[in-house]
Amino acid sequence: MSKRVLTTESGAPVADNQNSASAGVGGPLLLQDQHLLEKLARFNRERIPERVVHARGSGAYGYFEVTDDVTGFTRADFLSEVGKRTETFIRFSTVADNLGGADAVRDPRGFALKFYTEEGNYDLVGNNTPVFFIKDPIKFPDFIHSQKRDPFTGKQEPDNVWDFWAHSPESTHQITWLMGDRGIPASYRHMDGFGSHTYQWTNAEGEAFFVKYHFKTNQGIRCLSSDQAAEIAGKDANSHQTDLLQAIERGVNPSWTLYVQVMPAAEAADYRFNPFDVTKVWPHADYPLQRVGRLVLDRNPDNVFAEVEQAAFSPNNFVPGITASPDKMLQGRLFAYADAHRYRLGVNHTQLPVNAPKNAPADNYGRDGFYATRYGSRHDKNYEPNSYDGPAQTDAPLGAPAEVSGWTGTYAYAQHVKDDHFFQAGELYRLMSSDEKDRLIANIAGGLSQVSRDDVIEKNLAHFHAADPEYGKRVEEAVRSLREDQ
């Protein structure tokens, strides 16, 4: 077997990869050493801007298999028949920390899934929680700034975290999730995933339904206490990555069962909660879970940078039969996600192998820009309409149209009968066992007691009191005790 030859980027063989060219044995290095300059210049450019959020992540390939007939709700082809399989790629992530942060931390987890369907790529971008902290995208940059490193101290500050939450009572529900037992998953394999947002499905007859996605782990839920997480993070900052990688390498392929909640579109206007408010859930008693299929992960990426860091997910990547709802946070993400990838990876990031459609052609009039690899034939035109048999529109909308009316302006969500910021947070608290409540109170008080301003503490305590009187009283007592000991 012939030995592989090391080459430069242009394919020329490299004579010496251990010693730089110099003017004599002890002389200065030569500018003409193309291999040295190329290596150093490329090394300087190996890193791209990390994601502002969800920077630290892990990924895997797999497939989604339909197990139940849902054609009454959607005409999406990849869901069209029982037994049909679609190749997938998933990226799990923490939210607030930087690329070098630890996996075992108290933080929501991203659950971003790409389906390589025969009608193009479908991206479902969610979390391991069914709700979120805010419900309007105009607050998102401020929210993330409050959770990230302070510009002066260079570290996450309890004052900032809790000050934002003090002024955002709609966060109370998600705070109760985050500070509870499921706030630190033991691994990516042992947590559920949610689409979180509300989406619209449309069937072949043009009937519209609103849906929420629930991926239930088949490995069972496993979580870490704060003490366990601190110990694990200190021993192996890559604990979740290690677990996922090794499980798949051993052939222990993690899987999730997908369920959906389905609401006929006509019921949305009069539902007791605003169905498009991502800070709220739809109780299962109102809209039971309906099984759709199973997601299985069976292959690790060959290169983490090329396939995990360069993976680009955008919730505006829909397929026929699946579209957006009026969910305001989802509407904002339809722009923000794709724009983030254009900044990080370039305008042609969809041509990278992990992002390119595998089972459908990409045929459009987008041309040029950095790293363009798709040109078409020499006769292809870059405008439309044209007389040269270029790709043309289908005149078939992805989903059913939505009726809108009213004056333009800035509006809060329309209030439904049961809408407030605290009811569902209180419901979640009352569902917890006594031990779960103890740990929740301890986790909240541990952070809130570090806040320096009394008015910020009082505002947050008022939110917990509004959710449930016992909840508020216990948090207040625990915070007072911890502050007296400081």
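To keep things clear, this report deals only with the structure shown in the data block. (Residues numbered from 1 in each chain as written. Predicted model: local features only at pLDDT ≥ 70, side-chain atom pairs only at ≥ 80, totals over all residues. Heavy atoms only, no water.)

## A short note on the nonpolar core
For the record, the criterion: Side-chain atoms within 4.5 Å link the members of a nonpolar core, which is a set of buried Ala, Val, Leu, Ile, Met, Phe, Trp, Tyr and Cys residues. Throughout this description, buried means an accessible area under 20% of the type-specific maximum (1.4 Å probe, protein chains only), exposed means over 50%, and partly exposed covers the range between. Secondary structure elements are taken from DSSP: a helix is a run of H or I of four residues or more, a strand is a run of E of two residues or more, and numbering for both begins at the N terminus. By the convention used here, residues are in contact when the closest approach between their heavy atoms is within 4.5 Å.
With 39 residues, the main nonpolar core has Trp162, Trp165, Leu448, Tyr471 and Val475 as its most contacted residues. Secondary-structure elements contributing two or more residues to this core are α2 (140–147), α3 (158–166), α4 (172–178), α9 (423–431), α10 (434–448), α11 (454–467) and α12 (469–485). Setting aside its immediate chain neighbours within four residues, Trp162 contacts Ile175, Met179, Ile444, Gly447, Leu448, Val451, Val456, Asn460 and Phe464.

## Structural notes on unusual backbone geometry
Generally, phi is negative for residues other than glycine and the peptide bonds are trans, each holding for most cases. That bond from Glu384 to Pro385 is cis: its omega, 5 degrees, falls within 30 degrees of zero. Counting through the fold element by element, Pro385 comes out in the loop between α8 (328–345) and α9. Positive phi is not limited to glycine here, since Asp389 has a value of about 60 degrees. Within the secondary structure, Asp389 is located in the loop between α8 and α9.

## Things to note about helix α1 (residues 34–44)
Side chains three or four residues apart in an α-helix point the same way, a direct result of the helix having 3.6 residues per turn. The criterion, for reference: Directions pointing from the helix axis toward each C-beta atom define the arc.
Those residues of α1 not exposed but buried are His35, Leu36 and Glu38. Buried positions in α1, seen along its axis, are confined to an arc of 170 degrees and lie on one side of it.

## What to know about the pairing of strand β6 (residues 199–202)
To keep things clear, this is the line we draw: Criterion used throughout: strands pair if DSSP finds at least two bridges between them.
Here β6 shows no split at all, with Tyr199 and Trp201 on one side and Gln200 and Thr202 on the other all buried. The sheet contact formed by β6 and strand β7 (residues 208–217) spans four bridges and is antiparallel. Within the sheet, the bridge partner assigned to Thr202 lies in β7 and is Ala208. As consecutive antiparallel partners, β6 and β7 are separated by five residues, and within that stretch Gly206 has a phi angle of approximately 90 degrees, a positive value.

## Looking at α8
Operational definition: Under the convention used throughout, the expected extent of a helix is 1.5 Å for every residue step, that is, one less than its residue count. Values of bend correspond, residue by residue, to the angle between axes fitted over the seven residues ending at that residue and the seven starting there.
In this model α8 runs 26 Å from its N-terminal to its C-terminal C-alpha over 18 residues, within 8% of the 26 Å that 1.5 Å per residue would give. Along its length, α8 reaches its greatest deviation from straightness, about 30 degrees, at Leu334. For α8, the full list of buried residues reads Met329, Leu330, Arg333, Leu334, Tyr337, Ala338, His341, Arg344 and Leu345. Once α8 ends, the next one or two residues include Gly346, with phi positive near 105 degrees.

## Focus on the pattern of salt bridges
Selection criterion: A pairing counts as a salt bridge when a side-chain nitrogen of Lys or Arg comes within 4 Å of a carboxyl oxygen of Asp or Glu.
Across all of its chains, the model carries 31 salt bridges by this definition. Arg291 is paired through a salt bridge with Asp68; the nearest N and O atoms lie 2.6 Å apart. Here Arg291, found in strand β9 (residues 290–299), pairs with Asp68, found in the loop between β1 (57–66) and β2 (85–94); they are 223 residues apart in sequence, far enough to count as distant. Taking the relative accessible area as the measure of exposure, Arg291 reaches 43% and is therefore partly exposed. Ionic pairing is found between Glu157 and Lys155, a salt bridge with its closest N-O pair at 3.3 Å. Since its relative accessible area comes to 15%, Glu157 is described here as buried. Shared partners join several salt bridges into a network, and the residues in it are Arg51, Arg91 and Glu309.

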